[in-house]
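# Reading the structure
Now for the letters of each chain:
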Amino acid sequence: MQPVKFFHQKPTQEFAMIRMAQFSDLHYSAKNLVEADRCFSYAVDRAIALKVDAAVVSGDSTDHALDLHSPAVERLARNIRRLAEHCPVLMLQGTFSHEPPGTLSMFRLLGGRYPVHVADRIGQVGLTANGRWLASEGWHFTELPSGLRALFSCVPAVNKAVVAATVGASSAADAVGEHLAVLLRGFAASNHAARAQGLATIGVSHGTVFGCISEHGVPMAGFDHEFTTGALFAAEAQAFMLGHIHRHQAWENGSTGLECRAGHQCIAYPGSIGRFHYGEEGDKGFLLWALNANEVRFTLEPTPARRTLDIVFEGKPDLAGLREVVEREGIDGAFVRVRWTVADEDRHEVNRAAMQKVLEGAAEVKLEGRIVPVVRTRAAGISQLASLADKVRVWAQSTEAKPQPLLDCLQALASQTPEAIAERTLCGIAVPTAEVMAELSLTEDADAEPALLF
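The structure reproduced in this document is the subject of the present report. Here the structure is a predicted model, which means the values were calculated and not measured.

### Brief notes about the overall build of the protein
Secondary structure assignment for the protein yields 11 helices and 19 strands. Burial status across the protein gives 45% buried among its 454 residues. Of the contacts formed within the protein by residues at least 6 apart in sequence, a portion of 71% connects residues at least 24 apart. Counting every atom, the protein has about 22,900 Å² of accessible surface; 53% of that belongs to carbon and sulfur.

### A look at the packing of helix α1 (residues 33-49) against helix α2 (residues 71-86)
Following both chains from N to C, one finds α1 and α2 inclined at 5 degrees, their axes separated by 10 Å at the closest point. By the criterion of interaxial angle, the relationship of α1 to α2 is roughly parallel. Listed contacts from α2 to L33, D37, F40, S41, V44, D45, A47 and I48 of α1 are P71, A72, R75, L76, N79, I80, R82, L83 and H86. In terms of residue class, the contact of α1 with α2 is made up of 10 nonpolar, three polar and four charged.

### Structural notes on helix α8 (residues 388-399)
Residue pairs three or four apart in sequence face the same way in an α-helix, which turns once every 3.6 residues. Its 12 residues give α8 an end-to-end C-alpha distance of 16 Å, which sits within 8% of 16 Å, the value for a rise of 1.5 Å per residue. Looking only at α8, the buried set comprises A389, V392 and A396. What you see down the axis of α8 is that its buried residues fit within an arc of 55 degrees, all on one side. If you follow the buried residues of α8, they end up packed against α9 (403-415).

### Some remarks on the environment of A16
Counting through the fold element by element, A16 comes out in the loop between β1 (5-8) and β2 (18-23). Residue A16 is classed as exposed on the basis of its relative accessible area of 64%. In this structure, the C-alpha to C-alpha distance between A16 and L291, residues 275 residues apart in sequence, is 8.4 Å. Look past the residues within four positions of A16 in its chain and what remains in contact with it is L291 and N292.

### Section: the pairing of strand β8 (residues 148-155)
Within β8, seven of the eight residues are buried, which leaves the element mostly enclosed by the surrounding structure. One ladder, built from six bridges, connects β8 with strand β9 (residues 200-206); its direction is parallel. By the bridge assignment for β9, V155 is matched with S205.

### Observations regarding the packing of aromatic side chains
Inspection of every chain in the model, using the stated rule, returns seven aromatic pairs. Ring geometry for F23 against F286: centres 5.1 Å apart, planes inclined by 35 degrees, an arrangement best described as tilted. Here F23 is found in strand β2, whereas its partner F286 is found in strand β13 (residues 285-291), with 263 residues between them in sequence. Here F23 falls in the buried class, since its relative accessible area comes to 0%. Ring geometry for W289 against F298: centres 5.3 Å apart, planes inclined by 45 degrees, an arrangement best described as tilted.

### What about the packing of α8 against α9?
Packed helices, taken two at a time, are described by the angle between their axes plus the distance between the axes. Packing of α8 against α9 leaves a shortest axis separation of 9 Å and a crossing angle of 155 degrees. Comparing the axis directions of α8 and α9 gives the class roughly antiparallel. Between α8 and α9 the crossing geometry is right-handed. Facing α8, whose interface residues are L388, A389, V392, R393, W395 and A396, α9 presents P403, L406, L407 and L410. For the contact of α8 with α9, a count of residues per class yields nine nonpolar, no polar and one charged.

### Some words on the sheet that holds strand β16 (residues 335-343)
Across the sheet, three strands lie side by side as β15-β16-β17; this open sheet has parallel pairing. Edge strands, defined here as strands with exactly one partner in the open sheet, are β15 (308-312) and β17 (364-372). Within the sheet, the average angular offset between the axes of one strand and its neighbour, ignoring direction, is 15 degrees. Here β15 pairs with β16 via five bridges, running parallel. Pairing of D310 across the sheet is with R337, part of β16.

Reading guide: rules and limits
- Residues numbered from 1 in each chain as written.
- Predicted model: local features only at pLDDT ≥ 70, side-chain atom pairs only at ≥ 80, totals over all residues.
- Heavy atoms only, no water.
- Helix = DSSP H or I, 4+ residues; strand = E, 2+ residues; numbered from the N terminus.
- Buried < 20%, exposed > 50% of the residue type's maximum accessible area, 1.4 Å probe, protein only.
- Contact = heavy atoms within 4.5 Å.
- Areas by Shrake-Rupley, 256 points an atom, 1.4 Å probe, with all protein chains shown as cover.
- Axes fitted to C-alpha atoms, helices over the stretch in contact; angles between N-to-C directions.
- Parallel < 35°, antiparallel > 145°, perpendicular 65-115°, else oblique.
- Nonpolar A, V, L, I, M, F, W, Y, C, P; charged D, E, K, R; others polar.
- Expected span 1.5 Å × (residues − 1).
- Arc of directions from axis to C-beta.
- Pairing = 2+ DSSP bridges.
- Phe/Tyr/Trp six-rings, centres within 6.5 Å; stacked < 30°, edge-to-face > 60°.
- Left-handed = near helix turned anticlockwise from the far one by under 90°.

Any functional reading would require information beyond the geometric quantities listed.
So this is what it looks like as C-alpha cells:
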C-alpha cells in the first residue's frame, strides 16, 4: 500500500471529512472481462468495507461499444448497482472510442438505495447531505443550492472532431487546451464560494495532462493534450480526479499565490483498475480520498491485477538465459511475453516449441519475434557498365566493401575449370592469386603483394 499523502491548509474552522473512492479506466469488454471484473469487484468490496461516502468513476468504464446482452455489460452493471446500494455514484463520460455517446445512459436507470449520476456534459453537480445529486442547468451554478455536502465540477472527454470541424484541423489541438483553460478558470468562483460555506470541492475530468507519464514510462509532452497542471489548479478545486492515463501519479500545488484562496490542491490519476497490456509499469488500484473545506489527502488501494513479465533478447533467444529468468522471477500464473530480434537468414534457428516448454506454468505466453530483412543496396548506373569487373568495383564502392578480394575470385573463376577450383579447395591449397594472374597475363603489376584465394 502506498503511503498516505497529506496536503493541508491551516483550518479556520473544523468541517466533517467526506470519504470518496475514485475508480477509473475499467475497460470492460469481452477481451478484458476476467481482469476488469476481478479487479473492479475487489475494489467495490474494498470501498464498501471502508464505508466511503461517495464513489466516482472518472471515465472509460467500457473498452468499446458493447451489445446490451454481452456479459461485460451485465458484470459492469452488477458492480455499479452494488456501489449504488452503498453510496451515491458519479460516472463520467470517457473517451468516445471507448464509450460511444449514450453508453452510460442506462446506468441512470439502475435502481439502488442511492442514485447514479451520469456526467456526460460540462457542468457542476452538488452532493446533498442525504446522498442525492443536484445538477446545474448550465455549465455552472449561478447560485449554490442549499443542503450540499460537496461540489463537483465535471468536464467529460472532449470531442476533438467537433472542435476540428469548428476551428479547423490545424488549430484544433491548441483550441482544445485554450478553451478548457478558460472553462476551468470559470469554475473558480463557484468553488471559492463553496469552500467559504464549508463544502469540499472536487473536479472530475478525463484527458491527458501535459508532462504526465504513460503506463509504459513515456512522457506525454505533445501539443494536443487537454490540460496543464496550471489550468487544473486554476479551477480552485481541492481535489481534481482524472482518468485516461493508466498509470497512477499525482501533483500538488505548492504555490503560495493561491494559498489564501484555494489552499493546497491535488491532482491525481488512479490509473487503470487492472493491467490490460504487457509492459505496464506501476501498481494498479483505486484512490481513497478524504477531504473537507480545509484538508485533502488520498491513498492508493491496490487491486489484484495480473502479473506480467517481459523477457527481451537482442538477438536469437537463448534457452539457457530463458531458464535463468524463469527460475529467478517465477512464472506460475504470470502472463509472459518473450521478444527477440534476428536476421532473416537466422529465423529458422528460433525454437518456439522449446521456449513454450520452458515457460510451462505461465497463464499466458506470447512469443514475438522481429525479423530484420536483408537490405540490398542499389548502385546507380551499374547496369550500363560493360564488364563484370567494373560492376563489382561500383557495387563494392556503394556497400563500402573491399573490391580486390572479389576481383581476385572473379579472375580465378574465369581462368580455371570448376574441377581445378574444387580440387584445390578440397586439398586446402591456398594459391597466390598474383601467381595465377601472372601465368595467364591477367595482371600488369607482377610485384603487387599477393592476395590469397580461398
